[in-house]
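# Architecture at a glance
Each chain, written out:
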Amino acid sequence: HVLLVESGGGSVQPGGSLRLSCKASGYPYSRHTSGWFRQAPGKEREGGAAMDCDGVISYADSVKGRFTISRDNAQNTLYLQMNSLKPEDSAMYYCAAPTHTGLPVHATTFLRQAAMEPDFAYWGQGTQVTVSS
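Residues numbered from 1 in each chain as written. Predicted model: local features only at pLDDT ≥ 70, side-chain atom pairs only at ≥ 80, totals over all residues. Heavy atoms only, no water.

## Quick notes on the nonpolar core
Here is the rule we go by: In this text, buried Ala, Val, Leu, Ile, Met, Phe, Trp, Tyr and Cys residues form a nonpolar core when linked through side-chain atoms within 4.5 Å. Classification of residues uses two cut-offs on accessible area relative to the type maximum, computed with a 1.4 Å probe and protein chains only: under 20% is buried, over 50% is exposed, and between them is partly exposed. Note on conventions: DSSP H or I runs of at least 4 residues are helices, E runs of at least 2 residues are strands, and numbering of each starts at the N terminus. In this analysis, two residues are considered to be in contact whenever any of their non-hydrogen atoms come within 4.5 Å of each other.
Counting residues in each nonpolar core, the largest one holds 26 residues, and the members touching the most others are Tyr29, Trp36, Leu80, Met82 and Tyr93. Mapped by element, the contributors of at least two residues to this core are strand E3 (18-25), strand E5 (46-51), strand E7 (67-72), strand E8 (77-82), strand E9 (91-98) and strand E11 (127-131). The residues contacting Leu80, other than those within four sequence positions of it, are Leu18, Arg19, Leu20, Trp36, Ala49, Phe67, Thr68, Ile69 and Tyr93.

Spelled out as C-alpha cells, the structure:
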C-alpha cells in the first residue's frame with residue numbers, strides 16, 4: 001500500500017516561511033504526478049501545487065510566486081517551500097498522488113480533479129499550518 005507522510009507544519013507569523021516535506025513509501029515520485037493540497041475549516045479542499053513525472057509544475061493562483069514545489073527523487077520526498085505566508089494560508093496541508101498510476105496525469109489536471117474527487121488520489125494524514133500574529 002502507498003503511504004504518504006507529511007511533516008514540517010507549524011505556527012508562523014505573517015510573512016514567515018515554512019518548508020513541508022512528504023515522504024512516500026511504495027510510490028516513486030519520479031514516475032508519477034504528485035502535489036500539495038490544503039483545506040481550511042469550512043472550506044473546500046484546494047489544490048496548491050503539483051508536479052508531473054517530467055517536472056512540469058502547476059500552481060494555484062493563490063500561491064503562485066510564493067510557494068515552490070520540488071522533489072528529491074533519490075529520497076522519494078516531495079517538498080513545498082512556502083514563503084511570504086499569509087493568514088489565509090492557514091490550513092491542513094496534504095500531499096497526494098494519483099491512484100490510477102497506469103494513466104498519466106498532467107499536473108494541472110491533478111490539481112483540479114483531486115480537489116474535486118478525493119478518491120482520485122492517495123492522501124497523507126496532513127500537517128497543520130497556522131499563520132497568525
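## With respect to the pairing of E11
How we decide: One bridge is not enough; two strands pair if DSSP finds at least two bridges between them.
Of the two faces of E11, only the one carrying Thr127, Val129 and Val131 is buried; Gln128 and Thr130 on the other face are not. Relative to E11, strand E2 (residues 10-12) runs parallel, the two sharing three bridges. Bridging from a neighbouring strand, Val12 pairs with Val131 of E11. Taken together, the three bridges between E9 and E11 define a ladder with antiparallel strand orientation. Across the sheet, Tyr93 pairs through a bridge with Thr127, a residue of E11.

## Topic: the state of the cysteines
By definition, a disulfide links two cysteine residues through a covalent bond between their sulfur atoms. Stated formally: The term disulfide is used for any two cysteine sulfur atoms that are within 2.5 Å.
One pass over the full model with this rule turns up one disulfide. Disulfide pairing places Cys22 opposite Cys95 at an S-S distance of 1.8 Å. Across the S-S bond of Cys22 and Cys95 the torsion is about 45°, and the bridge reads as right-handed. With Cys22 in strand E3 and Cys95 in strand E9, this residue pair connects regions lying 73 residues apart in the sequence. The two residues Cys22 and Cys95 agree in class, both being buried. Between Cys53, a free cysteine, and Cys22, which holds the nearest cysteine sulfur, the sulfur-to-sulfur gap is 17 Å. Judged by its relative accessible area of 37%, Cys53 falls in the partly exposed class.

## Let's talk about the sheet that holds E3
We apply this condition: For every element, the axis is a line fit to its C-alpha atoms; helices are fit only across the contacting stretch, and the angle between N-to-C directions ranges from 0 to 180 degrees.
Spatially, the four strands line up as an open sheet ordered E1-E3-E8-E7, and their pairing is antiparallel. For this open sheet the edge positions go to strand E1 (3-7) and E7, each flanked by a neighbour on one side alone. Across the sheet, the mean angle from the axis of one strand to that of its neighbour is 15°, orientation sign disregarded. Of the strand pairs in this sheet, E3 and E8 are connected by six bridges, and their pairing is antiparallel. Bridged to Leu18 within E8 is Met82.

## A few points about the packing of aromatic side chains
Quick reminder of the rule: Geometry of aromatic contacts follows a simple scheme: Phe, Tyr and Trp rings, the Trp one being its six-membered ring, pair when their centres are within 6.5 Å, and the pair is stacked under 30 degrees between planes, edge-to-face over 60, tilted otherwise. Sitting over a ring, as applied to charges here, requires NZ of Lys or CZ of Arg to be within 6 Å of the ring centre and within 35 degrees of the ring normal.
All chains considered together, the criterion is met by four aromatic pairs. Relative to Phe110, the ring of Phe37 lies with its centre 5.4 Å away and its plane at 85°, an arrangement referred to as edge-to-face. Taken together, the residues span a long stretch of sequence, with Phe37 in strand E4 (residues 34-39) and Phe110 in helix H1 (residues 107-116) at a distance of 73 residues. The ring of Tyr94 carries Arg45 above its face, with NZ or CZ at 5.0 Å from the centroid. Sitting over the face of the ring of Trp123, Arg45 holds its NZ or CZ atom 4.2 Å from the ring centroid.

## Looking at the pattern of salt bridges
Going by this rule: Every case where a carboxyl oxygen of Asp or Glu lies within 4 Å of a side-chain nitrogen of Lys or Arg is listed as a salt bridge.
Summed over the entire model, instances satisfying the criterion amount to four salt bridges. Residues Arg38 and Glu46 are paired through a salt bridge, measuring 2.9 Å at the closest nitrogen-oxygen approach. Taking the relative accessible area as the measure of exposure, Arg38 reaches 9% and is therefore buried. Residue class for Glu46 comes out partly exposed when judged on its relative accessible area of 28%. Its salt-bridge partner being Lys64, residue Asp61 comes within 3.3 Å of it at the nearest N-O pair. Connected via shared salt-bridge partners are Arg38, Glu46, Arg66 and Asp89.

Without other data, these values stay purely geometric and don't point to any function.
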